[in-house]
Number of protein chains: 2
Amino acid sequence: MDDNHLMFCNGKQHMMERFMEVCLLLLLYDETGYGYGLVERLSFFGFSEEQLNIGSLYRTLRKMENESLVTSLWEEGGQGPRRRVYQITETGKVELGRWIDILKMRKARIEKLIGVYDSKTGK
Amino acid sequence: MDDNHLMFCNGKQHMMERFMEVCLLLLLYDETGYGYGLVERLSFFGFSEEQLNIGSLYRTLRKMENESLVTSLWEEGGQGPRRRVYQITETGKVELGRWIDILKMRKARIEKLIGVYDSKTGK
DNA sequence: ATTAATATATGCATAATGCATATAGATACC
DNA sequence: GGTATCTATATGCATTATGCATATATTAAT
């Protein structure tokens, strides 16, 4: 069972975009980024480039801007198509901190569940 | 910040029902259960009884039955209103095993993300 | 010219999910 | 006997999440 398959259960994908949001906040924490370029940087967090839904990525970024977690501006004078460059806000950093707390709790709950599973299946 | 609050970010709740599904499969792994009674047993996995959406619980159980992960029958001769009692299927046990794999990977990704956060914020 | 790569964005359908509400039997209490 | 409460299951509605397909435009390569 490869990593890609592990993101699925019952033929459906689950809960990628919200985790993506946290990864994006973290990637933007200390440097700016633009949609297409963030694809590569997201792969570090387990989003394979083939599997990643680029439409979701753009929509997530715009939604985050709408919630004032990031700001964006069109890059000046680069070659190639224009890039919308995103920067995290203070609100975004606070939100990231909240997400970290949530993820720590979620991790604890997962560990608890796995512990029960192992005890029931004798592993 | 209490546990309840930790389930929220930006005023919205996230991703409870799918995790609930895995908890339900695990709770039904070695004994049967019915909706209302499972509320209490779910609290072990961090679902507080006040906060838990009972409507979601029933819908999740019916959906799981629809997917052949569990079967149900009306309990015979108990006192009080009738109970729809659920039992896990072999399919459900296989599905639970798949979910455990997914949760292990998700846990690893969370740990990775927290590691990066800590390194960026100097904790 | 045509194709491919880079780059951003929207439309549509389905699933997830909180909140409110409906239904109904059993029990307690006055 | 009537009423409130607890137990128990279920549905309707609105919003959000999310995959898939598609549209648009610039630049580079052939």
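Note that the structure is predicted; figures quoted are calculated from it, not measured.

K.L.:
So what exactly am I meant to see when it comes to a nonpolar patch on the surface here?
P.N.:
Residue and element names in this part refer to chain A. On the surface, Tyr36, Ile54 and Tyr58 cluster together into a nonpolar patch covering about 330 Å² of accessible area. Note that Tyr36 resides in helix α3 (residues 35-42). By relative accessible area, which is 62% here, Tyr36 ends up exposed.

K.L.:
What is the right way to look at the sheet that holds strand β3 (residues 33-34) of chain A in this model?
P.N.:
Within a beta sheet, neighbouring strands are joined by backbone hydrogen bonds and run either parallel or antiparallel to one another. All names here are of chain A. Spatially, β3-β5-β4 is the arrangement adopted by the three strands of the open sheet, whose pairing is antiparallel. Whereas interior strands pair on both sides, the edge strands pair on one side only; in this sheet they are β3 and β4 (70-74). With five bridges joining them, β4 and strand β5 (residues 84-88) adopt antiparallel strand pairing. By the bridge assignment for β5, Ser72 is matched with Tyr86.

K.L.:
I tried to follow the confidence of the model for chain A on my own but got confused; where do I start?
P.N.:
Atom-level detail of predicted coordinates should not be read off regions where pLDDT is low. Residues and elements named next belong to chain A. Mean pLDDT over chain A stands at 84; residues scoring 70 or higher make up 86%. Mean pLDDT across the elements of chain A ranges from a minimum in helix α1 (residues 3-6), with 36, to a maximum in β5, with 96. Within the model, the stretch residues 1-8 combines pLDDT values under 50 with 21 contacts to residues more than four positions away or in other chains.

K.L.:
Which parts of the structure should I look at to understand the sheet that holds strand β5 (residues 84-88) of chain B?
P.N.:
One open sheet accounts for three strands, arranged β3-β5-β4 (chain B); its pairing is antiparallel. Both edges of this open sheet fall to β3 (33-34) and β4 (70-74) of chain B, since each of them pairs with a single strand only.

K.L.:
What's the story with the nonpolar core in this structure? I'm lost.
P.N.:
Here is a general trend for soluble globular proteins: nonpolar side chains tend to be buried in one another's company. Membership of the largest hydrophobic core comes to 66 residues, with the highest contact counts inside it found for Leu42 and Leu113 of chain A together with Leu42 and Leu113 of chain B. Residues within four places of Leu113 of chain A in sequence aside, it is in contact with Phe19, Val22, Cys23, Leu26, Phe45, Ile100 and Leu103 of chain B.

K.L.:
Just to check I follow, could you spell out the packing of α3 of chain A against helix α4 (residues 54-66) of chain A for this structure?
P.N.:
Think of two packed helices as two axes; the pair is described by the angle between the axes and how far apart they sit. Residues and elements named next belong to chain A. α4 packs onto α3 with a crossing angle of 110 degrees between their chain directions and a minimal axis gap of 10 Å. Here α4 runs roughly perpendicular to α3, going by the angle between their axes. In the packing of α3 onto α4, the handedness of the crossing is right-handed. The residues of α4 that touch α3, namely those facing Gly35, Tyr36, Leu38, Val39 and Leu42, are Ile54, Leu57, Tyr58 and Leu61. Along the lines of polarity and charge, the residues of the contact of α3 with α4 split into eight nonpolar, one polar and no charged.

K.L.:
Explain the pattern of salt bridges to me, please; I cannot follow it from the model alone.
P.N.:
A side chain with one charge can pair with a side chain of the opposite charge if their charged atoms come near. If you walk through the whole model with that rule in mind, you get 14 salt bridges over all chains. A salt bridge links Glu21 of chain B to Lys63 of chain B, with the nearest nitrogen and oxygen atoms 2.9 Å apart. Pair noted here: Glu21 of chain B is in helix α2 (residues 17-27) and Lys63 of chain B is in helix α4 (residues 54-66), with a separation of 42 residues, a long-range link. The exposure class assigned to Glu21 of chain B is buried, which follows from its relative accessible area of 1%. Residue Glu111 of chain B is joined to Lys107 of chain B by a salt bridge in which the shortest nitrogen-to-oxygen separation is 3.8 Å. Of the two residues, Glu111 of chain B and Lys107 of chain B both sit in helix α5 (residues 90-121), four residues apart, roughly one turn of that helix. Counted as one network, the salt bridges with shared partners bring together Lys107 and Glu111 of chain A together with Lys107 and Glu111 of chain B.

About the cut-offs
- Residues numbered from 1 in each chain as written.
- Chains lettered and ligands numbered in written order.
- Predicted model: local features only at pLDDT ≥ 70, side-chain atom pairs only at ≥ 80, totals over all residues.
- Heavy atoms only, no water.
- Patch = residues over 30% accessible without salt bridge, like charges linked within 9 Å, V, L, I, M, F, W, Y side chains within 5 Å.
- Areas by Shrake-Rupley, 256 points an atom, 1.4 Å probe, with all protein chains shown as cover.
- Salt bridge = Lys/Arg side-chain N within 4 Å of Asp/Glu carboxyl O.
- Helix = DSSP H or I, 4+ residues; strand = E, 2+ residues; numbered from the N terminus.
- Buried < 20%, exposed > 50% of the residue type's maximum accessible area, 1.4 Å probe, protein only.
- Pairing = 2+ DSSP bridges.
- pLDDT = per-residue confidence, 0-100.
- Contact = heavy atoms within 4.5 Å.
- Core = buried A, V, L, I, M, F, W, Y, C linked by side-chain atoms within 4.5 Å.
- Axes fitted to C-alpha atoms, helices over the stretch in contact; angles between N-to-C directions.
- Parallel < 35°, antiparallel > 145°, perpendicular 65-115°, else oblique.
- Left-handed = near helix turned anticlockwise from the far one by under 90°.
- Nonpolar A, V, L, I, M, F, W, Y, C, P; charged D, E, K, R; others polar.

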